[in-house]
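Descriptive analysis of the structure
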Amino acid sequence: MKVLFDQNVSFRIVNLLKDNYPEVKQVRLLGLENASDLKIWEYAKENDYTIITFDADFYELANIKGHPPKIIWLRMGNTTTKSIAEKMISMQSVITDFILSDDQEEIACLEID
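Residues numbered from 1 in each chain as written. Predicted model: local features only at pLDDT ≥ 70, side-chain atom pairs only at ≥ 80, totals over all residues. Heavy atoms only, no water.

Taken as a whole, helix α3 (residues 56-65) has its buried residues at Phe 58, Leu 61 and Ala 62. What you see down the axis of α3 is that its buried residues fit within an arc of 100°, all on one side. Counted as exposed and oriented over 90 degrees from the buried face of α3: Asn 63 and Ile 64. Along its buried surface, α3 packs onto α2 (37-46), β3 (49-53) and β4 (71-74). Two to three positions downstream of the cap, the backbone nitrogen of Asp 57 sits 2.8 Å from a side-chain oxygen, assigning the N-cap of α3 to Asp 55. A positive phi of about 80° marks Gly 66, the residue just after α3. (Buried < 20%, exposed > 50% of the residue type's maximum accessible area, 1.4 Å probe, protein only. Helix = DSSP H or I, 4+ residues; strand = E, 2+ residues; numbered from the N terminus. Arc of directions from axis to C-beta. Contact = heavy atoms within 4.5 Å. Polar contact = N/O pair within 3.5 Å; in protein donor to acceptor, adjacent residues only side chain to side chain.)

In structure tokens form, the structure reads like this:
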């Protein structure tokens, strides 16, 4: 299960989540920090990542272009990287089902608040 955080979430989240999400990346670590949302979306699609973001633009891209990639839209407002990591860990089973379950293959976006 590969997850990719966009530039709105600190690259430091990778170290906080690597035990629970071994294939976690952040755009800065992939040289995509200043890339457009479309470029990040295309990278995620080509490399089987689910995008995790605070940005509604990825949700809109999924509505226009479909999926993959799937989108996890963080709707929790201004918060710390540690709080985001804690939420991701506490919701790991929901996130795993969203990404991998055949029952949810038609759903493009999971909103987390």
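Let's shift gears to the environment of Lys 82. Considering the arrangement of structural elements, one finds Lys 82 in helix α4 (residues 81-90). When the C-alpha atoms of Lys 82 and Asp 57 are compared, they prove to be 24 Å apart, with 25 residues separating the residues in sequence.

This part takes up the sheet that holds strand β5 (residues 109-112). The sheet built from five strands is open, its strands ordered β2-β1-β3-β4-β5 with parallel pairing. Each edge of the sheet is formed by a strand with only one pairing partner; in this case those strands are β2 (23-26) and β5. Sheet twist, expressed as the average angle between the axes of neighbouring strands with direction ignored, equals 20°. Relative to β4, β3 runs parallel, the two being bridged by three bridges. In the sheet register, Thr 53 faces β4, and the bridge partner there is Trp 73. Strand contacts of α2: β1 (2-5), β3 and β4, with the helix running at about 145° to β3, the strand carrying the most contacts. In the packing of helix α5 (residues 92-100) onto the sheet, contacts are made with β1, β3, β4 and β5, and the angle to β5 comes to roughly 165°. (Pairing = 2+ DSSP bridges. Axes fitted to C-alpha atoms, helices over the stretch in contact; angles between N-to-C directions.)

This part is about unusual backbone geometry. Comment: phi is negative for the bulk of residues other than glycine, and the bulk of peptide bonds are trans. Cis peptide bonds are those with omega within 30 degrees of zero, and the linkage from His 67 to Pro 68 qualifies with 15°. Along the chain, Pro 68 connects to Pro 69 via a cis peptide bond; the corresponding omega equals 0°. In this fold, Pro 69 is placed in the loop between α3 and β4.

Another point: α5. Of all the positions in α5, only Ile 95, Phe 98 and Ile 99 are classed as buried. For α5, the buried positions fall inside an angular range of 90° around the axis, keeping them on one side. In α5, those exposed residues whose orientation departs by more than 90 degrees from the buried face are Ser 93 and Leu 100. For α5, the secondary structure elements touched by its buried residues are β1, β3, β4, α4 and β5.

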